[in-house]
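Residues per chain, in single letters:
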Amino acid sequence: MITLPDTPTREHCLALDRADPLASLRAEFVLPEDMIYLDGNSLGARPRAALARALDIVEREWGEDLITSWNRNGWFRKAYELGDLLAPMIGAGPGEVVVTDSTGIDLHKALQAAIGLAPAGRRRILMEGSNFPTNNYMTQGVAAQLPGCEVVFTEGEGIAQAIDERLSVLCLTHVHYKTGAIHDMAALTARAQAAGALVIWDLCHSAGVLPVDLNGCNADFAVGCTYKYLNGGPGSPAFIFAATRHHAEMRQPLTGWWGHAEPFAFERDFRPRAGIGRMLSGTQPILSLGVTECGLQLARRADMRDVRAKSMVLTGLFIQLVEARCAAHGFRLVSPRDPQRRGSQVSFDHEQGYAIVQALIAAGVVGDFRAPANMRFGFAPLYNRFVDVWDAVERLADIMDSGRWRDPAFATRSAVT
Ligand SMILES: Cc1ncc(COP(=O)(O)O)c(C=O)c1O
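From a predicted model like this one, the values you see are computed outputs, not experimental measurements.

What counts and what doesn't
- Residues numbered from 1 in each chain as written.
- Predicted model: local features only at pLDDT ≥ 70, side-chain atom pairs only at ≥ 80, totals over all residues.
- Heavy atoms only, no water.
- Helix = DSSP H or I, 4+ residues; strand = E, 2+ residues; numbered from the N terminus.
- Rg over C-alpha atoms; globule rule 2.2 N^0.38 Å.
- Buried < 20%, exposed > 50% of the residue type's maximum accessible area, 1.4 Å probe, protein only.
- Contact = heavy atoms within 4.5 Å.
- Areas by Shrake-Rupley, 256 points an atom, 1.4 Å probe, with all protein chains shown as cover.
- Lys, Arg positive; Asp, Glu negative; His and termini not counted.
- Charge placed at Lys NZ, Arg CZ, Asp CG, Glu CD.
- Pairing = 2+ DSSP bridges.
- Right-handed = clockwise from strand over helix to strand, strands pointing away.
- Axes fitted to C-alpha atoms, helices over the stretch in contact; angles between N-to-C directions.
- Near = heavy atom within 4 Å.
- Polar contact = N/O pair within 3.5 Å; in protein donor to acceptor, adjacent residues only side chain to side chain.
- Nonpolar A, V, L, I, M, F, W, Y, C, P; charged D, E, K, R; others polar.
- Phe/Tyr/Trp six-rings, centres within 6.5 Å; stacked < 30°, edge-to-face > 60°.
- Lys NZ or Arg CZ within 6 Å of the ring centre and 35° of its normal.
- Salt bridge = Lys/Arg side-chain N within 4 Å of Asp/Glu carboxyl O.
- Parallel < 35°, antiparallel > 145°, perpendicular 65-115°, else oblique.
- Left-handed = near helix turned anticlockwise from the far one by under 90°.

Turning our eyes to something else, we now look at the overall build of the protein chain. Broken down by element type, the protein chain carries 12 helices and 15 strands. Here the C-alpha radius of gyration of the protein chain, 22 Å, is about what a compact globule of 417 residues would show, namely 22 Å. Projected onto its principal axes, the C-alpha coordinates of the protein chain cover approximately 70 × 55 × 45 Å. By residue count, 56% of the 417 residues in the protein chain fall in the buried class. Long-range pairs, those at least 24 residues apart, make up 73% of the contacts in the protein chain with a sequence separation of at least 6. When the accessible surface of the protein chain is totalled, it reaches about 17300 Å², and 55% of it is carbon and sulfur. Distance from the positive charge centre (41 side chains) to the negative charge centre (46 side chains) of the protein chain: 2 Å.

Written out as structure tokens, the structure is:
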């Protein structure tokens, strides 16, 4: 149990860091000396091991072993191996997860598989309209290919009420990308399944930072990325989970040779591979998978209960300090105040959020901005410290009190916010 007094000081934060069971993991990451990195919910920090791993793949595996690496260096099995490495962190079993493609593509495959397994005649997909847009776009793309398929958008409390016997698939993101609010996976899965529907969970903002129990919740499918809290690197491949009970019957439309029962038989016609392998489509990005493995190995070293306990205090402390130090500056908390309902991020809305985030970055505190007004701060318990929270809020208060954020240079929008 991590506790802080009602009015914490920087000294209290340092004491918590000294007692932190995860503290030693920070040294396994490369973090710039003068930067407080609060954007691990967008792109995780680089594991120190990633550079040597990338060099080894390029120099030895590719350079010396060339094509033999598919067997000799295990390239052909990487998507499965990484899936099994990730599985315990999301409550999946061996052989239920592969690491492949992007979240959007995996979602496309999961949606098609789920619709194929849903009761005949049903063609309704329910999701949150405020979800990360690619999920909406991918779902609309799937619906456009299926005559009579409709996508119904609803929000928060309305989700449970919108579940009825017309539903084929409930497709939700476990932790909301803007607010950080957590859905009750067990309750919503049970409710949708009681109505005969299947359920897909997007774990982009939960994998590696909250305990997730897909099988404990009887989830049907799940997808998620590895470049946030799993620290797999920019554009690292995503993952897809399918519950074992669906393996024999599930079908997905991107039927490439890697999903074939015998890829090296080079048969003319497609026959699906047994098990989760049928979710694969084509040749995997080996360099990226190799680096992703470094992030997954680090995450596996942490006890997810310690990660969650630290995450709740980091985010709670940030809220408490921002509200105390910046009360006059018009920040509106949009993340749940209850730590049990909050993922590992804190979001505040502010009309001038973009310029404030830019000024903060210039002051060495990296968060990000999501239009129209959302300032997001992600807390990665594997490498963020309690003292980082203290120092970040001090710098934010300084920018606000001095009005430095009003510098016109901070208002110029870049392509990526
Ligand atoms: C909830 C959610 N789903 C999907 C994605 C991105 O998907 P992709 O990796 O396909 O770009 C994100 C990206 O931040 C996300 O937050």
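Alignment of strand β5 (residues 124–128) against strand β6 (residues 150–154), held across five bridges, turns out to be parallel. Across the sheet, the residue bridging to Ile 125 is Val 151, located in β6. In this view, the connection linking β5 to its parallel neighbour β6 by way of helix α6 (residues 133–145) has right-handed handedness.

On to the sheet that holds strand β9 (residues 221–224). Taken in spatial order, the seven strands of this open sheet run β4-β10-β9-β8-β7-β5-β6, and their pairing is mixed. In this open sheet, the two strands that pair with only one neighbour each are β4 (97–99) and β6. For this sheet, the mean angle separating the axes of adjacent strands, direction not counted, is 15°. When strand β8 (residues 198–202) meets β9, the two strands line up parallel, connected through three bridges. Within β9, the residue paired with Asp 202 across the bridge is Val 223. Where helix α5 (residues 103–117) meets the sheet, it contacts β5, β7 (169–173), β8, β9 and β10 (239–242), and its direction lies at approximately 170° from that of β9. The strands that helix α8 (residues 185–194) touches are β7 and β8; relative to β8, the one it contacts most, it runs at about 150°.

One open sheet holds the four strands; their spatial order is β11-β12-β15-β14, and the pairing between them is antiparallel. Edge positions in the open sheet fall to β11 (332–333) and β14 (368–370), since each of these has one partner strand only. Here five bridges tie strand β12 (residues 345–349) to strand β15 (residues 374–378), and the two strands are oriented antiparallel to one another. Looking at the pairing, Asp 349 lines up with Asn 374 of β15. Sitting on the sheet, helix α10 (residues 304–325) touches β11, β12 and β15, and the angle it makes with β12 is about 25°.

Next up on the list: the site of the ligand. Near the ligand lie 13 residues; those nearest to it are Gly 104, Asp 202, His 205, Tyr 227 and Lys 228. Contact between the ligand and Asp 202: a nitrogen atom at 2.8 Å from a side-chain N or O atom of the residue. At 2.7 Å, a side-chain N or O of His 205 approaches an oxygen atom of the ligand. A total of 400 Å² of accessible area belongs to the ligand in isolation, and the protein chains cover 84% of it. Broken down by secondary-structure element, the contributors of at least two residues to the shell around the ligand are α5 and α6. For the shell around the ligand, a count of residues per class yields four nonpolar, seven polar and two charged.

Here the structure, examined in full by the defined rule, presents 15 aromatic pairs. For the pair Trp 70 and Trp 75, a centre-to-centre distance of 5.2 Å together with 90° between the ring planes defines the contact as edge-to-face. Take Trp 75: its relative accessible area is 8%, and that puts it in the buried class. Both rings, one in Tyr 354 and one in Phe 369, keep their centres 5.6 Å apart while their planes meet at 80°; by these two values the pair is edge-to-face. Of this pair, Tyr 354 sits in helix α11 (residues 353–362) while Phe 369 sits in strand β14, and the two are 15 residues apart along the sequence. Across the pair, exposure class does not vary: Tyr 354 and Phe 369 are buried alike. Connected via pairs of aromatic rings, a cluster forms that spans Trp 70, Trp 75, Phe 76, Trp 257, Trp 258, Phe 264 and Phe 266. Over the ring of Tyr 80 we find Arg 77, and its NZ or CZ is 4.2 Å from the ring centre. Its end group placed over the ring of Tyr 354, Arg 413 keeps NZ or CZ at 4.5 Å from the ring centre.

Leaving glycine out, the prevailing phi sign among residues is negative, and the prevailing peptide bond configuration is trans. With an omega dihedral of 5°, the bond running from Ala 371 to Pro 372 counts as a cis peptide bond. Not every positive phi belongs to a glycine, and Leu 66 is a case in point at roughly 40°. For Leu 66, the location among the structural elements is in the loop between α2 (49–62) and α3 (69–72).

Below, the discussion takes up the pattern of salt bridges. Evaluation of the coordinates by the stated rule reveals 28 salt bridges. For Arg 10, the salt bridge goes to Asp 391, with nearest N and O atoms at 2.8 Å. Taken together, the residues Arg 10 in helix α1 (residues 10–19) and Asp 391 in helix α12 (residues 386–402) connect sequence positions 381 residues apart. On the basis of relative accessibility, which here comes to 18%, the residue Asp 391 falls in the buried class. Linking Asp 65 and Arg 72 is a salt bridge whose minimum nitrogen-to-oxygen distance equals 3.3 Å. Judged by relative accessible area, Asp 65 falls into the buried class, the value being 12%.

Where α11 contacts α12, the axes come no closer than 10 Å and their chain directions differ by 120°. Put simply, α11 runs oblique to α12. Between α11 and α12 the crossing geometry is right-handed. Between α11 and α12, the contacting residues are Ile 356, Ala 359 and Leu 360 on the first element and Ala 392, Arg 395, Leu 396, Ile 399 and Met 400 on the second. The residue inventory of the contact of α11 with α12, partitioned by class, reads seven nonpolar, no polar and one charged.

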